[in-house]
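Chain by chain, the residues run as shown.
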Amino acid sequence: MNTFKIKYFDGVTSAIQEGTVKLSYGHWDIRLEKPDGTMSSIHWQLKDIKQTEFVGNTNIFKYGDFPQQTIECNDPDFVKALSAQYPDYEFFKKEYFWALNKGLGVFVGITAVLLLLCVGVYKYILPSVAENLALTVPQEYEIKWGDMMFDNMIQAPKKGEMSSELNLTKNENLSKLANQFAKEIDFKTTYPIKITVVNEKIVNAFALPGGNVVVFNGLLKKMKNKEEFAALLGHEVAHVTRKHSLKNIFRSLSGYLFISLITNDLNGITAIILDNANKLQNLGYSRELEAEADDSSMKTLKENKIPTKGLLGLFKILEDASQVAPPELLSSHPLTEERMKFAKKNQIANEKLNENPRLEAIWKEILLVENR
């Protein structure tokens, strides 16, 4: 017999499907029963099947790249059938609990060491691993998560209602102009960049995974020219394009995400991100990520023939604002001395550029709306 009952997970949802797996030459034939009673077939090529994991008497096999498909089989004859059907293929790692044979003291000691290692891994290694895993997330899922976070944070303005910390109120007119402004700039990205201006007096801006950039009106009002706005957008778009926002989220929620990541439960990841959406807008970037975003912003200005004074002007706005009350932008985007030096060093004096006149025209419209 080479057909066995299994449970199947598609890696996208947390739904469990009952079915069977038949061991064939070079591949496995998986048959699944749909809710309407009909059957569907899936073929797993042998070369892409990952080695098994063990949970009690259950053997777990994964297939393909992220998000991986998974099957579980608890039939003890399955292991024997694999060895018989594929004698030259190693599905199993031969590992034994040899410590039990060394006595209880040795076993307890090794267990204690392993627990300490687990704590160390959870606290120091897991965030870094989660950050690297963020790089494997397909863009379509990143965009989906970012849009869901955005919808959870932003509300359209309603008459007689005040915006709250958890529901930022969108300024429709300024958002429309900001998007027109952004479309005149080539950010060299495949992400769908969407700019939203919100009616908040605080000096802040942040980027969500997938392309949403939120600018607080308190920051926009302090800008004196289009170059500063372009520099800000270049910086925030860099956080999107280089997956900085997603890395930050995965690092911050690494403990919660761990189980969902190793089981490829994308629904679980989505739920965790949404549950924490309103805490994630103020996550701080590391100096390295900020430097990357600054460098990308400067390149964007140069490649689009926008005066490079914009980045230094943006930093001076933040510096001046911090002397009155620390802007929230500095808590998530710390303004270090190195960043100021970078902006000064890379600013090109007396630039003679063939600028895009549309940028200046749209900026003037933004100023008109602001001054109404």
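Scroll up for the structure.
So, a few notes on the structure that sits alongside this text. (Residues numbered from 1 in each chain as written. Predicted model: local features only at pLDDT ≥ 70, side-chain atom pairs only at ≥ 80, totals over all residues. Heavy atoms only, no water.)

**Some words on the pattern of salt bridges**
Inspection of every chain in the model, using the stated rule, returns 17 salt bridges. For Arg 339, the salt bridge goes to Asp 294, with nearest N and O atoms at 2.6 Å. Taken together, the positions of Arg 339 in helix α14 (residues 337–346) and Asp 294 in helix α11 (residues 287–303) put the pair 45 residues apart, joining distant regions of the chain. Neither Arg 339 nor Asp 294 differs from the other in exposure class; each is buried. Ionic pairing is found between Asp 295 and Lys 299, a salt bridge with its closest N-O pair at 3.4 Å. Of this pair, Asp 295 and Lys 299 both sit in helix α11, 4 residues apart, roughly one helical turn. A relative accessible area of 43% places Lys 299 in the partly exposed class. Among the charged side chains, a salt-bridge network with shared partners connects Lys 226, Glu 227, Glu 355 and Glu 360. (Salt bridge = Lys/Arg side-chain N within 4 Å of Asp/Glu carboxyl O. Helix = DSSP H or I, 4+ residues; strand = E, 2+ residues; numbered from the N terminus. Buried < 20%, exposed > 50% of the residue type's maximum accessible area, 1.4 Å probe, protein only.)

**Some remarks on the packing of helix α4 (residues 172–183) against helix α15 (residues 357–370)**
Where α4 meets α15, the axes come as close as 9 Å, and the angle between the chain directions of the two elements is 170°. The orientation of α4 relative to α15 falls into the category roughly antiparallel. Where α4 crosses over α15, the handedness of that crossing is left-handed. Each of Asn 173, Leu 174, Leu 177, Gln 180 and Phe 181 in α4 lies in contact with α15, whose residues at this interface are Arg 358, Leu 359, Ile 362, Trp 363, Glu 365, Ile 366, Val 369 and Glu 370. Split by residue class, the contact of α4 with α15 holds 8 nonpolar, 2 polar and 3 charged. (Axes fitted to C-alpha atoms, helices over the stretch in contact; angles between N-to-C directions. Parallel < 35°, antiparallel > 145°, perpendicular 65-115°, else oblique. Left-handed = near helix turned anticlockwise from the far one by under 90°. Contact = heavy atoms within 4.5 Å. Nonpolar A, V, L, I, M, F, W, Y, C, P; charged D, E, K, R; others polar.)

**What to know about unusual backbone geometry**
Positioned with a positive phi, Lys 188 is a non-glycine residue whose angle comes to about 55°. Tracing the sequence through the fold places Lys 188 in the loop between α4 and β10 (194–198). For Lys 305, which is not glycine, the phi torsion reads 55° and is therefore positive. Within the fold, Lys 305 resides in the loop between α11 and α12 (309–324).

**Considering the side chain of His 244**
Position of His 244 relative to the elements: it lies in helix α7 (residues 244–252). Overall, the relative accessible area of 0% leaves His 244 in the buried class. Reaching out from His 244, the side chain makes a polar contact with the side chain of Glu 292 at a distance of 2.9 Å. Residues within four places of His 244 in sequence aside, it is in contact with Ala 238, His 239, Tyr 285, Leu 289, Glu 292 and Ala 293. (Polar contact = N/O pair within 3.5 Å; in protein donor to acceptor, adjacent residues only side chain to side chain.)

**Examining the sheet that holds strand β11 (residues 205–207)**
Ordered by their spatial adjacency, 3 strands build an open sheet running β10-β12-β11, and the pairing between neighbours is mixed. Looking at which strands have only one partner, the edges of the open sheet turn out to be β10 and β11. The average angle at which neighbouring strand axes cross in this sheet is 15°, direction not considered. Direction of pairing for β10 relative to strand β12 (residues 212–216): parallel, over a ladder of 5 bridges. Among the inter-strand pairings, Ile 195 is bridged to a residue of β12, identified as Val 213. (Pairing = 2+ DSSP bridges.)

**A few points about the nonpolar core**
By size, the foremost hydrophobic cluster in this structure holds 45 residues, and its most contacted members are Phe 181, Leu 219, Leu 220, Met 223 and Phe 229. Beyond its immediate chain neighbours, meaning those up to four positions away, Met 223 contacts Glu 228, Phe 229, Leu 232, Leu 314, Ile 317 and Trp 363. Ile 6, Leu 32, Cys 73 and Ala 81 belong to the second-largest nonpolar core, a separate cluster that totals 20 residues. (Core = buried A, V, L, I, M, F, W, Y, C linked by side-chain atoms within 4.5 Å.)

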